[in-house]
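Letter by letter, the chains look like this.
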Amino acid sequence: AQKVTQAQTEISVVEKEDVTLDCVYETRDTTYYLFWYKQPPSGELVFLIRRNSFDEQNEISGRYSWNFQKSTSSFNFTITASQVVDSAVYFCALRGGNMLTFGGGTRLMVKP
Amino acid sequence: DTAVSQTPKYLVTQMGNDKSIKCEQNLGHDTMYWYKQDSKKFLKIMFSYNNKELIINETVPNRFSPKSPDKAHLNLHINSLELGDSAVYFCASSQWSGQGERGNTIYFGEGSWLTVV
């Protein structure tokens, strides 16, 4: 069985603050993929990043960065210098085989 | 071009009616999914089809019947709609696991907002 836990249900920050969204997962698969998706107020699900279980390198894309630590089964997401447009619900997800399991999501509110 | 498109985007209907949501993908993927997002934003898989064959069916009531005429389409038909069916339904697609890095990403449509009154 797979499980993804996003303990933070809601985070509120002021613009330009850095914020980290936590994600912890459980799986018995040796090969798996981890994802982050963004759901803005308009409702669509936007793919942000994919990381496979053999690649523990951190990744940076502009203001976004991801920290994958297999030893702690975590795949955390940091937004640097947050902006109002970052306000959304962010989902961490785990794929083993053909099943994508989502965490409960973290609602991020960035205030001006 | 929209990669995964679903119609309609909004649907308001009365209890007891039958309705369908259509989904098409132009990514050349061989696997398609339906996910349900409830009012608390929780996303849960309902069905998955690979090459038109059902491979995942997650304890969904029989009133929900997916139909895949070909691997680019996966439609969702719902009979005898109930108030509790009100949700956002997302269609998605991917390549069968093991076909390479890029293929393992699951891409979602824009969602269909179903309201049962």
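About the criteria used
Residues numbered from 1 in each chain as written. Chains lettered and ligands numbered in written order. Predicted model: local features only at pLDDT ≥ 70, side-chain atom pairs only at ≥ 80, totals over all residues. Heavy atoms only, no water. Core = buried A, V, L, I, M, F, W, Y, C linked by side-chain atoms within 4.5 Å. Buried < 20%, exposed > 50% of the residue type's maximum accessible area, 1.4 Å probe, protein only. Helix = DSSP H or I, 4+ residues; strand = E, 2+ residues; numbered from the N terminus. Contact = heavy atoms within 4.5 Å. Buried area = accessible area lost by both parts, 1.4 Å probe. Salt bridge = Lys/Arg side-chain N within 4 Å of Asp/Glu carboxyl O. Polar contact = N/O pair within 3.5 Å; in protein donor to acceptor, adjacent residues only side chain to side chain. Nonpolar A, V, L, I, M, F, W, Y, C, P; charged D, E, K, R; others polar. Phe/Tyr/Trp six-rings, centres within 6.5 Å; stacked < 30°, edge-to-face > 60°. Pairing = 2+ DSSP bridges. Axes fitted to C-alpha atoms, helices over the stretch in contact; angles between N-to-C directions.

Asks: In this structure, what is going on with the nonpolar core? I would like to understand it.
Replies: A:W36, A:F75, A:F77, A:Y90 and A:L108 are the most contacted members of the largest nonpolar core, which has 23 residues in total. Secondary structure elements with two or more residues in this core: β2 (10-14), β3 (19-21), β5 (33-39), β8 (64-69), β9 (74-79), β10 (88-96) and β12 (106-111) of chain A. Of all the elements, β10(A) adds the most residues to this core, at four residues. Membership of the second largest hydrophobic core comes to 21 residues, among which are B:M46, B:L74, B:L76 and B:L114.

Asks: Mind showing me how you'd approach the interface of chain A and chain B here?
Replies: Note: interface size is frequently given as the accessible area lost on complex formation between the parts. At the junction of the two partners, chain A supplies 21 residues and chain B supplies 27 residues. Taking both sides of the interface into account, the surface hidden between chain A and chain B amounts to around 2,000 Å²; carbon and sulfur atoms contribute 55%. Broken down residue by residue, the surface that chain A buries against chain B is led by A:L45, A:R95 and A:N98, which jointly contribute 29%. Counting across the chain A and chain B interface gives zero salt bridges. At the junction of chain A with chain B, the criterion picks out six residue pairs in polar contact (both at pLDDT 80 or more). Every element with two or more residues in the side of chain A that touches chain B is listed here: β5, β6 (46-52), β10 and β11 (99-102) of chain A. With four residues, β5(A) is the largest single contributor of residues to the side of chain A that touches chain B. For the side of chain A that touches chain B, the per-class residue count stands at 10 nonpolar, seven polar and four charged.

Asks: Mind showing me how you'd approach the pattern of salt bridges here?
Replies: Pairs may arise between side chains of opposite charge once their charged atoms sit close together. Residues and elements named next belong to chain A. Taken as a whole and judged by the stated rule, the model has six salt bridges over all chains. The closest approach of N and O atoms between R63 and D86, which form a salt bridge, is 2.8 Å. Separated by 23 residues along the polypeptide, R63 in the loop between β7 (59-61) and β8 and D86 in the loop between β9 and β10 bring together distant segments of the chain. Connected via shared salt-bridge partners are R51, D55 and E59.

Asks: How do you make sense of the packing of aromatic side chains when you look at a structure like this?
Replies: Given two aromatic rings, their pairing is described by the distance between the two centres and the angle made by the two planes. What the rule picks out here adds up to 22 aromatic pairs over all chains. Aromatic side chains A:F102 and B:F108 sit 5.8 Å apart centroid to centroid with 65° between the ring planes, which places their arrangement in the edge-to-face category. Of this pair, A:F102 sits in strand β11 while B:F108 sits in strand β10 (residues 107-108), which puts the two residues in different chains. Here A:F102 and B:F108 have matching classes, each one buried. Three or more aromatic residues joined by ring pairs form one cluster here, namely A:F35, A:Y37, A:F47, A:F91, A:F102, B:Y33, B:Y35, B:F90, B:Y107 and B:F108.

Asks: I would appreciate a short explanation of the sheet that holds strand β7 (residues 64-70) of chain B in the present structure.
Replies: Within a sheet, adjacent strands bond to each other through the backbone by hydrogen bonds, running parallel or antiparallel. Residues and elements named next belong to chain B. If you walk across this open sheet you meet the four strands as β1-β3-β8-β7, and the pairing is antiparallel. Sheet topology places β1 (4-7) and β7 at the edges, where each strand pairs with a single neighbour. Across the sheet, the mean angle separating the axes of adjacent strands is 20° when strand polarity is ignored. As paired strands, β1 and strand β3 (residues 19-25) are joined by four bridges and run antiparallel to one another. Its bridge partner being in β3, V4 is matched across the sheet by Q25.

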